[in-house]
Amino acid sequence: MKYLIPKIKENEVTSRDLFENRREWLKMMGALSLGSTIAPATLWAAAGRKLGPLEKSLYSTTEEATAFKDVTRYNNFYEFGTGKEDPVKFADSLKTDGWKISVGGEVAKPTVFDMDQLLKKFPLEERIYRLRCVEAWSMVIPWVGFPLHKLIRAVQPTGSAKYVEFVTLHDPEQMPGQRSPILEWPYREGLRLDEALHPLTILSVGVFGEVLPNQNGAPIRLVVPWKYGFKSAKSIVQINLTETQPKTAWNLANSREYGFYSNVNPAVNHPRWSQRKERRIGEFRKRETLPFNGYGEWVASLYSGMDLEKFF
Amino acid sequence: MDKRAVNLKNCVLVAALLPLVFLVVRSYLGELTANPIEYVSQATGWWTLCFLSITLAITPIRKLFKFQWIFPLRRLFGLIAFFYACVHLATWVVLDQFFDFESMLLDIKDRPYITIGMSAFVITSILAYTSRKSIRLALGPQRWVHIHRLIYVIAILGVTHFYLIVKRDTTEPLVFAAIIAVLLAARFIARQKK
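Residues numbered from 1 in each chain as written. Chains lettered and ligands numbered in written order. Predicted model: local features only at pLDDT ≥ 70, side-chain atom pairs only at ≥ 80, totals over all residues. Heavy atoms only, no water.

### Focus on the interface of chain B and chain A
The interface of chain B with chain A comprises 23 residues on the first partner and 28 residues on the second. The contact between chain B and chain A buries some 2200 Å² in all, and 49% of this surface belongs to carbon and sulfur atoms. Taken together, chain B and chain A are joined by five salt bridges. For A:Arg279, the salt bridge is made with B:Asp96, and the minimal N-O distance between the two is 3.2 Å. Counting across the interface, chain B meets chain A through 14 residue pairs in polar contact (both at pLDDT 80 or more). Counting residues per element, the ones that place at least two in the side of chain B that touches chain A are helix H2 (36-65), helix H3 (73-96), helix H4 (101-110) and helix H8 (150-165) of chain B. Partitioning the side of chain B that touches chain A into residue classes produces eleven nonpolar, four polar and eight charged. (Contact = heavy atoms within 4.5 Å. Buried area = accessible area lost by both parts, 1.4 Å probe. Salt bridge = Lys/Arg side-chain N within 4 Å of Asp/Glu carboxyl O. Polar contact = N/O pair within 3.5 Å; in protein donor to acceptor, adjacent residues only side chain to side chain. Helix = DSSP H or I, 4+ residues; strand = E, 2+ residues; numbered from the N terminus. Nonpolar A, V, L, I, M, F, W, Y, C, P; charged D, E, K, R; others polar.)

This is how it looks when you write it as structure tokens:
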């Protein structure tokens, strides 16, 4: 099946047996009602596995979350096509069972984690964050995850670690969009070490209290809420601590339009369109875009003294 | 005008409005993605380019296949293209910007794709206006034809406008560019042969 289930023992909301029975039942129903209108896409929603218990976070916004169906249907994930609804249609081919994520580079203890190990080691929190896409739309998403700094500290960075690189799975069989050279595959992203260690930066394994749907970057993805959405790499297989600034996918595609930092900044327009405003999905009127996507009080100091027009 | 020509025109008109009807129906059904305003904006722009290409195709088709009956459709398709351009612009002004004139003026000034799109729209309006029979007669055939060659400029501006707003996947604007290039080249070749 598509979504491998992290084990969370006794505190599960739904027991595993019940959960899997329901799945079997749904599969059976699907098989029985040939030509029925139940699309496969609705099955995962029913099968969305609950994650828990979740610690609340002071970093969460109190703004109303964007509708679940919008968060899970309107995605930029070029590994499955460039249309907004391509990922929800085609991400079924991604296999997240047995997923491993290797953390290495400039660290004392390079480690390969499987999802179970990660979830055992790092307690999950709910983080309700604003997400601002570089295309001038935004959402409010209740992520489930843990702070990246916990993982980084666990592998003990060496003194020469200055940056962190994130690498998405590269497998055109599972990710058919990678057959097109639209970006340089695999998708790579990067942060400065202090950005990666910032408590706002998380690795997410879920949304709305459930395991991440494939189209949202399952089974594990980065979330950096003060940067444009494309910085938050999805379906990560590798995290490397590096001495030099890593190459990043959109910067390689067009360095004039997509900088390494890509902090949300209404004062620095995209060369082709304005970044002053954004449309919050589900709303009619546009909103003013906030510097650092409204997280300035926590992150602006990371960039003090830097010319943000130059380091965009 | 004979009855068959009128019937043909009516059929074309109904068919040409179907994309808009579908758009309205699908918006009621909530099928225009999570960002319906962007969807409507892209769809109406796409149909504008589509009908613009059809308009440009009428003359080469008529000459190549000797289809004289197709000729009366040229103005109709041109006006349909103009109609979709109006809906496209209205989508921007009303739905996208909600009459935020300051922001729209800034965009027209600073964003080349909007500057180009607006220029294309202004020229299209001129052609739509001067397509009326009385004005055509008043202008005289030669001047009229000269003015209406501006459709070549509109086509190039329109495709450029599309190309500039696409984030990364330029397939569709390039397909339109190829179609329009062929249609313009057909005219050039025809003129060389004369």
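### So, the pairing of strand E7 (residues 202-207) of chain A
All names here are of chain A. In terms of residue burial, E7 counts as a mostly covered element, since six of its six residues are buried. Where strand E4 (residues 137-147) meets E7, five bridges bridge the pair, whose relative direction is antiparallel. Within the sheet, the bridge partner assigned to Phe146 lies in E7 and is Leu203. Sheet topology places E7 next to strand E9 (residues 221-223); three bridges connect them, and they run antiparallel. Each residue of the ladder has a partner; that of Ile202, found in E9, is Val223. Here E7 folds back onto strand E8 (residues 210-211) in antiparallel fashion, the turn holding two residues, of which Phe208 has a positive phi close to 50 degrees. (Buried < 20%, exposed > 50% of the residue type's maximum accessible area, 1.4 Å probe, protein only. Pairing = 2+ DSSP bridges.)

### Some words on unusual backbone geometry
All names here are of chain A. Each neighbour pair has its own omega, and for Gly52 with Pro53 the value is 0 degrees, a cis peptide bond. Its place among the elements puts Pro53 in the loop between helix H2 (40-47) and helix H3 (68-71). The residue after Trp185, namely Pro186, is reached through a cis peptide bond having omega -5 degrees. Summarising the element assignment, Pro186 is placed in the loop between strand E5 (163-168) and strand E6 (188-192).

Structural measurements only, silent on function.
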